2 protein chains.
Amino acid sequence: MKLLRIDTAKRTWKFEEMGAYAGLGGRALTSRIVNTEVPADSHPLSGENKLVIAPGILTGTLAANSGRISVGAKSPLTGGIKESNSGGLVSQKLAKLGIGGVVLEGKPAADAPFMIVKIDKDGVSITDAPGDVLTDNYAYAAALDAQFGGKACVALAGPAACQCLKASTIQFTDPEGRPARSAGRGGLGAVMGSKKVKAIVFDDKGAPGVEYADKEAFKAASKKWVDILRNHPVTSQGLPTYGTAVLVNVLNEAGGLPTKNFRFGSFEHAADISGEKMHEVITARGGKTTEGCHPGCIIQCSQCYLDAKGQYLTSGFEYETLWAMGAATLIHDLDIIAQMDRVCDEKGIDTIEMGNTIAVAMEGGLIPWGDGPAALALLKKVGTADPMGRIIGNGVVFTGDALGVDRLPVVKNQSMPAYDPRAVKGVGVTYATSPMGADHTAGYAVAQNILKVGGDIPPHGKQGQVEVSKALQIATAAVDSAGFCLFVAFAVLDSAEALDVVADMLTARFGQKFTVADILGLGEAVLKDELAFNARAGFTKKDDNLPRWMREALPPHNVVWDFTEDELQGAKVG
Amino acid sequence: MKLLRIDTAKRTWKFEEMGAYAGLGGRALTSRIVNTEVPADSHPLSGENKLVIAPGILTGTLAANSGRISVGAKSPLTGGIKESNSGGLVSQKLAKLGIGGVVLEGKPAADAPFMIVKIDKDGVSITDAPGDVLTDNYAYAAALDAQFGGKACVALAGPAACQCLKASTIQFTDPEGRPARSAGRGGLGAVMGSKKVKAIVFDDKGAPGVEYADKEAFKAASKKWVDILRNHPVTSQGLPTYGTAVLVNVLNEAGGLPTKNFRFGSFEHAADISGEKMHEVITARGGKTTEGCHPGCIIQCSQCYLDAKGQYLTSGFEYETLWAMGAATLIHDLDIIAQMDRVCDEKGIDTIEMGNTIAVAMEGGLIPWGDGPAALALLKKVGTADPMGRIIGNGVVFTGDALGVDRLPVVKNQSMPAYDPRAVKGVGVTYATSPMGADHTAGYAVAQNILKVGGDIPPHGKQGQVEVSKALQIATAAVDSAGFCLFVAFAVLDSAEALDVVADMLTARFGQKFTVADILGLGEAVLKDELAFNARAGFTKKDDNLPRWMREALPPHNVVWDFTEDELQGAKVG
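What you see is a predicted model, and the numbers here were worked out from it, not measured in a lab. Each chain carries its own residue numbering, running from 1 in the written order of its sequence. For naming, the first written chain is A and the first written ligand is 1, with later ones following in the order written. Given that the model is predicted, a residue must reach a pLDDT of at least 70 before its local features are reported, and side-chain atom pairs must reach 80 or more before they are shown or counted; all residues, however, enter totals for whole chains, interfaces and linings. Excluding hydrogens and water, the side-chain figures rest on all heavy atoms present in the structure.

Student: Tell me what's going on with the side chain of Asp174 of chain A, and back it up with residues and numbers.
Tutor: All names here are of chain A. Per the convention used, a helix needs a DSSP run of H or I reaching at least four residues, while a strand needs a run of E reaching at least two, with both numbered from the N terminus. Within the fold, Asp174 resides in the loop between strand E10 (170–172) and strand E11 (181–183). Asp174 sits in the buried class, given a relative accessible area of 2%. With residues up to four places along the chain from it excluded, the contact list for Asp174 reads Gly88, Leu89, Ala180, Arg181, Glu291 and Ser315. The buried label applies to any residue whose accessible area, calculated with a 1.4 Å probe on protein chains only, is under 20% of its type's maximum; exposed applies above 50%, and partly exposed to all values in between. We call two residues in contact when some of their heavy atoms are within 4.5 Å.

Structure (structure tokens):
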């Protein structure tokens, strides 16, 4: 594996040995590089920030569900370190090209043109970006496809990223060539945009592929791995049938579905935006109810959603999006929400941040509660010349500040996902203490609190929440470093041998003995890098809590947020 | 003295004894109340924030230049504690009414109407605000005047404040009834606006006035005080002749006039925006070159600026404004800059923050460098329905974030005033370490660095800067608590007996012995309150520094910012 460094100011590039970064991949690599090389007090849009794109250490192998890509930088949204994770084809292509990480460095002059970076087995070529860089993503991806050939696999800075907005994503093309997969959170698209990189095209034709120290041993372990995933009800039945949208009804029942900007824990129209409803609509219109975000996925939680005329509308249409565009805003028209998801992919904006932002815009009186067409129109302004688009595209806090709204559901400036932390306290601890800001994927205690996977911790009490969040934060950091999809965790949590099997795959891949302790040690090391960066950036325990108004009781269970600052510190790796 | 608490949610009010706050006034009172009563982690626009308006402890007496008003709250701009200081008539009227401080508490519902609060000798009356609250300030003040009678003395939440924007001021009417005096910095207008208080009308008819423990002794000390001010060249000649604008040429010569968003220390067109030029224009058009911001001012640094047709255009047109709208943006048309000053008073936005914001908008390519008409048009959008106005009116960081600009001249999110901190390092230390954020008035070491008043400390070296900033921060906090205009400091710094005379006035006013040590002790106590609040709000020494790009050399002297984090901590009262 080599590291590819690209100087965006000079448009030069070089391959380097991994050196001190050897053995790292995914989030472990992005966070280590950012913590080592980016000054913590630099501006996220300055030439001192670096954008790191890294496949996991198992990516490119036969291991099922190991094709996720990690993107890291100092976050324009949180001001702290960020790793954002996506599906798509990029990760496996990078791994097969023998590239452990791509590092975008420097910054071109303000009036320099945007560029397209193409990476293939012969190296890198950099050309001026064609056309209008504020073109919507599907059309721009199609143009790149025409230029670079059959389903060009790209990482795309969409219109929002090119305007350096804080909610901007990096969109990755999926197996169908659609830019529907997002490194969504933390505004990392803006870092790519600030470096004037419109797109990176990845071509692994003729690439050597991944080597194994012991291929037979890998195959054997890999088969066990598939069995573990296929034997767990969540990864073999729940997710493949309804996708993540299965959670709408589950959370609504639990009183933890944040409704009307986190005022209520249940939504009277939840059924209209549920996984069951989505499954019915997709089936009736002839769409696909299951789809994987990368080759080798055996969970297939994604889908292909058609409009009423049977035309493709969107995919990668997740629970988080349904909730954010739906319950959070009181919109409950599935087709409108699907269009909003598509617009988010077109503009390259995070659906979680955008749903919360629309709720805040409703809070501020800009548009009425529950008004889907108005919300859709607002989203369409992002990435255009309309200054309102620059407000909305900068997310919850920015929009709240623009409109004078003080009820902002954020931690470290990043807005909360689809689980009310008062009613699902384990994930609340994760929101509060993760170096990422409010992030459900950083320590998904919804498993133990609600789904009763990996344990049973009652969601309303404080008991056990800090401990489970900490353990999950460590495990998740390891999962994100391996290149695994987070959903493997459901099976891992309920399987006594799963981590041993992962260790066996690592041993067979690298020829050096890995243990379960090594895997967890890797997770801890990732968090230490991240916490160290954030401390140097000025974060303190004051930043590790939920907003004061979360002390307000949440119906229907009238639960409140009642952790002290010091209690929460227990969830951090020390 | 009594404390007047107004519950803006219930529209009720009550007078209280000063109690634990007895003996405090001005900034000492505002900062003590905010530190004691406002949760440091509350949202600045929430009902938990309080807006405190307090006359100084010598305000309302015969003491020359003691009529300044202090306004305090948790700042929407910095997120820390803030005291902002203004001239106008309010302070003396409050003192004569026997009111030591007005505290606006709570917060009405989002759809509640704005209110007018009238304070007179009989108490308080609260009525709905007439007309459109987004009306420009001069017209709104005139309407209030018509409603409440002859030159109604008001504190006004302008259009920007009613939209809760972070650069919004509270405008106070001057002796001519014009809303030309600003509590400008820190966005305190937004706190007033969030509480739906459009204006406070102050009427001291029939008020008892201020009492003296020993009036004859006060008169004697007060006469000495006038002599001290009249004998210093800055307060008797420099400021009365050219106003603060005298500094344009001085700083330009010193290479410390921040030009083109702090790229250069001198401006080729400085003469066009100088005090000398302004004096010439005002004289030619028959305006007034001297004017006081409150009765009892003997410095008279203000002016009345007429347009080319001889019509009143603006007043309170300061050095800071000339620089911010001029050198910072490369605009050098004095009439355009005067119009920009007027628009800032009309909308209720801080001229320092706005000049820097326009420079950042130019940096981001929104309008061309030096384009006065475009800048004026941009300012006019503030406080209107145009979303661009909400961006601009939220100041430098917000506008930078909207436009993807990373060169932001701020400390604690508040933009820097008219002295490049690399070329005037003493004031740079104040910018970095004041609990207020970048603020020249918090410790004006320009005196020792450039004007050679109160000492001679070479401006480019590090020697002596931390010490002088600390001493000035303490003295300034005392000045702001007494109700004095900061400019008395020039005379005080060069007079061995001045502080004794102030102590004598305090003794004669209150009948309890004051010493110079007591005065400085008061200043220290103010800073301790402010630093304690900020620490609880999550500020650390990481926040006490200038942006990284200030390490870039500043022409013409090629000076850089080279203080370490730990060196800077020496300027803080500990």
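Student: So what's going on with helix H15 (residues 395–403) of chain A? Which residues, and what values?
Tutor: Of all nine residues in H15 of chain A, nine are buried; the element is thus mostly enclosed. Those residues of H15 of chain A not exposed but buried are Gly395, Val396, Val397, Phe398, Thr399, Gly400, Asp401, Ala402 and Leu403 of chain A. Residues of H15 of chain A that are buried make contact with helix H12 (351–363), helix H14 (387–392), strand E16 (410–411) and strand E17 (414–415) of chain A together with helix H14 (387–392) and helix H15 (395–403) of chain B. Backbone geometry just downstream of H15 of chain A places Gly404 of chain A in the positive-phi region, at approximately 70°.

Student: Tell me about helix H7 (residues 233–242) of chain A, residues and numbers included.
Tutor: Residue and element names in this part refer to chain A. Listing the buried residues of H7 in full gives Val234, Thr235, Leu239 and Pro240. The buried residues of H7 occupy an angular sector of 145° when projected down its axis, which confines them to one face. Looking at the packing, one finds that the buried side of H7 touches helix H6 (215–231), strand E13 (288–291) and helix H19 (488–493). Summarising the geometry, the arc corresponds to the directions from the helix axis toward the C-beta atoms.

Student: How would you sum up the interface of chain A and chain B? Please name residues and give values.
Tutor: Interface size is commonly expressed as the accessible surface area that is lost when the partners come together. Counting from both sides, the interface comprises 34 residues of chain A and, opposite them, 34 residues of chain B. In this description, buried area is defined as the sum, over both parts, of the accessible area (probe of 1.4 Å) that is lost when the two are combined. Here chain A meets chain B over a buried area of about 2,500 Å², counting both sides, of which 55% is carbon and sulfur. The largest share of the area that chain A buries against chain B comes from Asp401, Asp406 and Arg548 of chain A, three residues that together contribute 24% of it. Here, a salt bridge means any side-chain nitrogen of Lys or Arg that lies within 4 Å of a carboxyl oxygen of Asp or Glu. Along the contact surface separating chain A from chain B lie eight salt bridges. A salt bridge links Arg548 of chain A to Asp41 of chain B; the shortest N-O distance between them is 2.8 Å.

Student: I'd like to hear about the environment of Gln473 of chain B, residue by residue, with values.
Tutor: Residue and element names in this part refer to chain B. Tracing the backbone shows Gln473 in helix H18 (residues 465–482). For the pair Gln473 and Gln512, spaced 39 residues apart in sequence, the C-alpha to C-alpha distance is 26 Å. In this view, Gln473 contacts Thr430, Thr433, Ser434, Pro435, Ala442, Gly443, Leu527 and Ala571; residues no more than four positions away in its chain are not counted.

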